[in-house]
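Each chain, letter by letter, is given below.
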Amino acid sequence: MTTYAYIRVSTMEQNEDRQLDAMAALDIPDSRIFTDKLSGKDFDRPAYQRLVRKLKPGDTLYIQSIDRLGRNYEDIQAQWRVLTKDKGVDIVVLDMPLLDTRQGKDLMGTFIADLVLQILSFVAQNERETIRKRQAEGIAAAKARGVRFGRPVKKPPADFVPLGRLWARRKLGTTALMEQTGLSETTLYRRLREHGIVRKKE
């Protein structure tokens, strides 16, 4: 019997200290704490996959909360079955004492744990979908207000048109025009077309 811990945060910027402190209180050594800094949308995470390969029957896996395991309702339940049934591992969810497969090994205990798991995994996915919906609504509202997303548009300088006309009459080279306007070649030609400036043929 060996104890392991799994920690997950969604991005590199997020802090995993709360989860690490919880595992340190259980005296789980660092070598048996596996951490991913990735989204919980699926289980294709390097640290988690390494952890699963190490787990053996009778081992115990600690996680802080069910949403640290994953965010997808069906995937969480499928992975739970893989760990508890196929690999014979016990799982302890620290934030939810009812999700401790070491307790209540009888039919009623298993039923309660499965029921709680279904409810919590549904809540985790619903929260994720709500966040996604709010983000989409926020972006749509911002666009309606005229907020532009992506890289800012590079505006040509005030003397762009006269410079462009010099370029059109071949009195100014393309490289020199790019240097004087501060525009890339692609943007330069786009702005020239927008102003109806076409280079005359020799």
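Above: the structure in question.
In short, a report on the structure. In this text the structure is predicted, and so the values were computed from the model without any measurement.

Let's shift gears to the overall build of the protein chain. A tally of regular secondary structure across the protein chain gives 8 helices and 4 strands. From first element to last, N terminus to C terminus, the protein chain shows the α and β order β-α-β-α-β-α-α-β-α-α-α-α. Its C-alpha radius of gyration of 29 Å places the protein chain more than 25% over the 17 Å reference for a compact globule of 202 residues. For the protein chain, the spread of C-alpha atoms along the principal axes amounts to about 90 × 35 × 30 Å. Taken over 202 residues, the protein chain has a buried fraction of 36%.

Time to look at the side chain of E16. For E16, the location among the structural elements is in the loop between β1 (3-9) and α1 (17-24). Other than its neighbours up to four places away in sequence, E16 contacts I7, V9 and K37.

Membership of the largest hydrophobic core comes to 25 residues, with the highest contact counts inside it found for Y48, L51, L61, L69, W80 and L99. The set of elements that each furnish at least two residues to this core consists of β1, α2 (46-54), β3 (60-63), α3 (66-69), α4 (73-86), β4 (90-93) and α5 (107-144). Here the element with the most residues in this core is α5; it accounts for 5 residues. Among the nonpolar cores identified, the runner-up in size contains 10 residues, and W167, A168, L177 and L188 belong to it.

Right, let's talk about the packing of helix α6 (residues 160-168) against helix α7 (residues 174-181) for a bit. Axis separation between α6 and α7 bottoms out at 10 Å; the angle between their running directions is 170 degrees. By the angle between their axes, α6 is roughly antiparallel relative to α7. Residue-level contacts link F160, L163, G164 and W167 of α6 to T174, L177, Q180 and T181 of α7. A breakdown of the residues in the contact of α6 with α7 according to their chemical character gives 4 nonpolar, 4 polar and no charged.

Here the focus is the sheet that holds strand β2 (residues 33-37). Spatial ordering of the open sheet is given by β2-β1-β3-β4, a layout of 4 strands whose pairing is parallel. Every other strand in the sheet has two partners, leaving β2 and β4 as the edge strands with one partner each. Neighbouring strand axes in the sheet, compared pairwise and without regard to direction, differ in orientation by 20 degrees on average. Both β1 and β3 contribute to a ladder of 4 bridges, which runs parallel. Directly across from Y6, in β3, lies its bridge partner I63. Packed onto the sheet, α1 meets β1, β2 and β3 and runs at close to 170 degrees relative to β1. Across the face of the sheet, α2 comes into contact with β1, β2 and β3 while running at roughly 155 degrees to β2.

This brings us to the pattern of salt bridges. What the rule picks out here adds up to 5 salt bridges. R18 is the salt-bridge partner of D95, the closest N and O atoms lying 3.9 Å from each other. Here the residue D95 occupies a position in the loop between β4 and α5, and R18 occupies one in helix α1, the gap between them amounting to 77 residues. Among the residues examined, D95 registers a relative accessible area of 41% and is labelled partly exposed.

Right, let's get into the environment of P157. Relative to the helices and strands, P157 resides in the loop between α5 and α6. Owing to a relative accessible area of 24%, P157 belongs among the partly exposed residues under this scheme. C-alpha of P157 to C-alpha of Y62: the two residues are 95 residues apart in sequence and 60 Å apart in space. Those residues in contact with P157, other than ones at most four positions away along the chain, are Q180 and T181.

Cut-offs used in this document
- Residues numbered from 1 in each chain as written.
- Predicted model: local features only at pLDDT ≥ 70, side-chain atom pairs only at ≥ 80, totals over all residues.
- Heavy atoms only, no water.
- Helix = DSSP H or I, 4+ residues; strand = E, 2+ residues; numbered from the N terminus.
- Rg over C-alpha atoms; globule rule 2.2 N^0.38 Å.
- Buried < 20%, exposed > 50% of the residue type's maximum accessible area, 1.4 Å probe, protein only.
- Contact = heavy atoms within 4.5 Å.
- Core = buried A, V, L, I, M, F, W, Y, C linked by side-chain atoms within 4.5 Å.
- Axes fitted to C-alpha atoms, helices over the stretch in contact; angles between N-to-C directions.
- Parallel < 35°, antiparallel > 145°, perpendicular 65-115°, else oblique.
- Nonpolar A, V, L, I, M, F, W, Y, C, P; charged D, E, K, R; others polar.
- Pairing = 2+ DSSP bridges.
- Salt bridge = Lys/Arg side-chain N within 4 Å of Asp/Glu carboxyl O.

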